[in-house]
Amino acid sequence: MTSPIPRCAFVPLLMAALLSSCATVSPESRLRNRLMEAGLSPRMARCMAGKMVDRLSLSQLRNLQSLASLRKTDMGEVTLDHFLHKIRALEDPEIFLVTSKAAVSCSF
């Protein structure tokens, strides 16, 4: 008769599985969440993230993280005009170009 595997043997496996699932969050989903935190609607954020993620560098995507502060200053959804004004304030023409193109195409 074999002895049962102790429960403590599963703890390292469970921890490894949980950590690997955290590491697999895609850049697109992170960008989508940041756009929603900035006040864009879930539909607009999903559409824009799909168009933006492959066109911006990792450092540019990190610069967009600062936009979450928009939500703290404004209640409700942010207007597209206000959002693009904040994007322009990042002083990166490529971020502004990619974001504004995505916003226009996702508006229709």
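Relevant structure appears above.
## Section: the overall build of the protein
Of regular secondary structure, the protein possesses seven helices and zero strands. Starting at the N terminus and ending at the C terminus, the protein contains elements arranged as α-α-α-α-α-α-α. Approximately 7,500 Å² of the protein is accessible, and the part contributed by carbon and sulfur atoms is 61%.

## Some thoughts on the nonpolar core
Leu31, Leu35, Met48, Met52, Leu64 and Phe83 are the most contacted members of the largest nonpolar core, which totals 23 residues. Those elements that place two or more of their residues in this core are α2 (27-37), α3 (42-52), α6 (80-89) and α7 (93-106). Leave out the neighbours within four places in its chain, and Leu64 touches Leu31, Met52, Leu56, Ile87, Leu90 and Ile95.

## Comments concerning the environment of Glu37
Relative to the helices and strands, Glu37 is located in helix α2. Glu37 sits in the partly exposed class, given a relative accessible area of 36%. With 28 residues separating them in the primary sequence, Glu37 and Gln65 have C-alpha atoms 9.3 Å apart.

How each quantity is defined
Residues numbered from 1 in each chain as written. Predicted model: local features only at pLDDT ≥ 70, side-chain atom pairs only at ≥ 80, totals over all residues. Heavy atoms only, no water. Helix = DSSP H or I, 4+ residues; strand = E, 2+ residues; numbered from the N terminus. Areas by Shrake-Rupley, 256 points an atom, 1.4 Å probe, with all protein chains shown as cover. Core = buried A, V, L, I, M, F, W, Y, C linked by side-chain atoms within 4.5 Å. Buried < 20%, exposed > 50% of the residue type's maximum accessible area, 1.4 Å probe, protein only. Contact = heavy atoms within 4.5 Å.

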